[in-house]
Amino acid sequence: MNSARRIDLAWLILVLATTATWMIGDVWQLHPEATVPAMAAVLAFTAIKCRLVALDFMALRRVKLFWRGLVLGWVALVLGLVTLTYWLSL
């Protein structure tokens with residue numbers, strides 16, 4: 001797949017994931033008992049979006065593993081800390 005097509009596909013997935021996250025937020029307001037599944041879904045979409053932005057828009061797909069690992073590791077750390085904080089607040 002050429003890079004222009006990959007960027008277009010990544011952009012479409014980002015738009016769909018953002019829309020899904022927005023819809024989850026609306027549903028969560030109507031059904032607050034679904035807090036844990038809603039948060040898990042939002043964090044999953046966030047991880048997908050971060051990976052797409054890092055690899056395709058920051059052009060880390062073709063760089064050394066160290067740099068990809070550094071950026072994606074930072075994303076994993078932040079999402080893990082958000083998850084831990086949320087879990088401890090329940």
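The sections below set out a description of the structure shown in this document. (Residues numbered from 1 in each chain as written. Predicted model: local features only at pLDDT ≥ 70, side-chain atom pairs only at ≥ 80, totals over all residues. Heavy atoms only, no water.)

1. A closer look at the pattern of salt bridges
Right, so step 1: Within this structure, the stated rule accounts for 1 salt bridge.
Right, so step 2: Across the pair Arg-61 and Asp-56 runs a salt bridge whose closest N-O atoms are separated by 3.0 Å.
Right, so step 3: Exposure remark for Asp-56: the relative accessible area of 11% places this residue in the buried category. (Salt bridge = Lys/Arg side-chain N within 4 Å of Asp/Glu carboxyl O. Buried < 20%, exposed > 50% of the residue type's maximum accessible area, 1.4 Å probe, protein only.)

2. Focus: helix α2 (residues 35-57)
Right, so step 1: In a regular helix each residue adds 1.5 Å, so 23 residues correspond to 33 Å; α2 covers 31 Å between its end C-alpha atoms and thus fits that length.
Right, so step 2: For α2, the full list of buried residues reads Ala-38, Leu-43, Leu-52, Ala-54, Leu-55 and Asp-56.
Right, so step 3: Following α2 by one or two positions, Ala-59 adopts a phi angle in the positive range, close to 60°. (Helix = DSSP H or I, 4+ residues; strand = E, 2+ residues; numbered from the N terminus. Expected span 1.5 Å × (residues − 1).)

3. Quick word on helix α1 (residues 3-30)
Right, so step 1: The terminal C-alpha atoms of α1 lie 41 Å apart, and with 28 residues this matches the ideal 40 Å at 1.5 Å per residue to within 8%.
Right, so step 2: Every buried residue belonging to α1 is among Ala-10, Leu-14, Ala-17 and Ile-24, and all of these are buried.

4. Here we look at the environment of Trp-28
Right, so step 1: Structurally, Trp-28 is set in helix α1.
Right, so step 2: What makes Trp-28 partly exposed here is its relative accessible area of 37%.
Right, so step 3: In this structure the C-alpha to C-alpha distance between Trp-28 and Ala-38, which are 10 residues apart in sequence, comes to 6.6 Å.
Right, so step 4: If we skip the residues at most four places from it in the chain, Trp-28 touches Ala-34, Thr-35 and Ala-38. (Contact = heavy atoms within 4.5 Å.)

5. Quick word on the side chain of Asp-56
Right, so step 1: If you trace the backbone, Asp-56 turns up in helix α2.
Right, so step 2: Among the polar contacts made by the side chain of Asp-56, one reaches the side chain of Arg-61 at a distance of 3.0 Å.
Right, so step 3: Not counting chain neighbours up to four residues away, the residues in contact with Asp-56 comprise Arg-6, Ile-7, Ala-10 and Arg-61. (Polar contact = N/O pair within 3.5 Å; in protein donor to acceptor, adjacent residues only side chain to side chain.)

6. Re the packing of aromatic side chains
Right, so step 1: Overall, the coordinates contain 1 aromatic pair when judged by the stated rule.
Right, so step 2: Ring centres of Phe-66 and Trp-67 lie 4.9 Å apart, and the angle between their planes is 80°; this geometry places the pair in the edge-to-face category.
Right, so step 3: Residue classification places Trp-67 among the partly exposed residues on the basis of a relative accessible area of 46%. (Phe/Tyr/Trp six-rings, centres within 6.5 Å; stacked < 30°, edge-to-face > 60°.)

7. Quick look at the environment of His-31
Right, so step 1: If you trace the backbone, His-31 turns up in the loop between α1 and α2.
Right, so step 2: Sequence separation of His-31 and Ile-13 is 18 residues, and the distance between their C-alpha atoms is 26 Å.

8. Brief notes about unusual backbone geometry
Right, so step 1: Here the phi dihedral of Ala-59 falls at roughly 60°; this positive angle occurs in a residue that is not glycine.
Right, so step 2: On the secondary structure map, Ala-59 appears in the loop between α2 and α3 (65-89).

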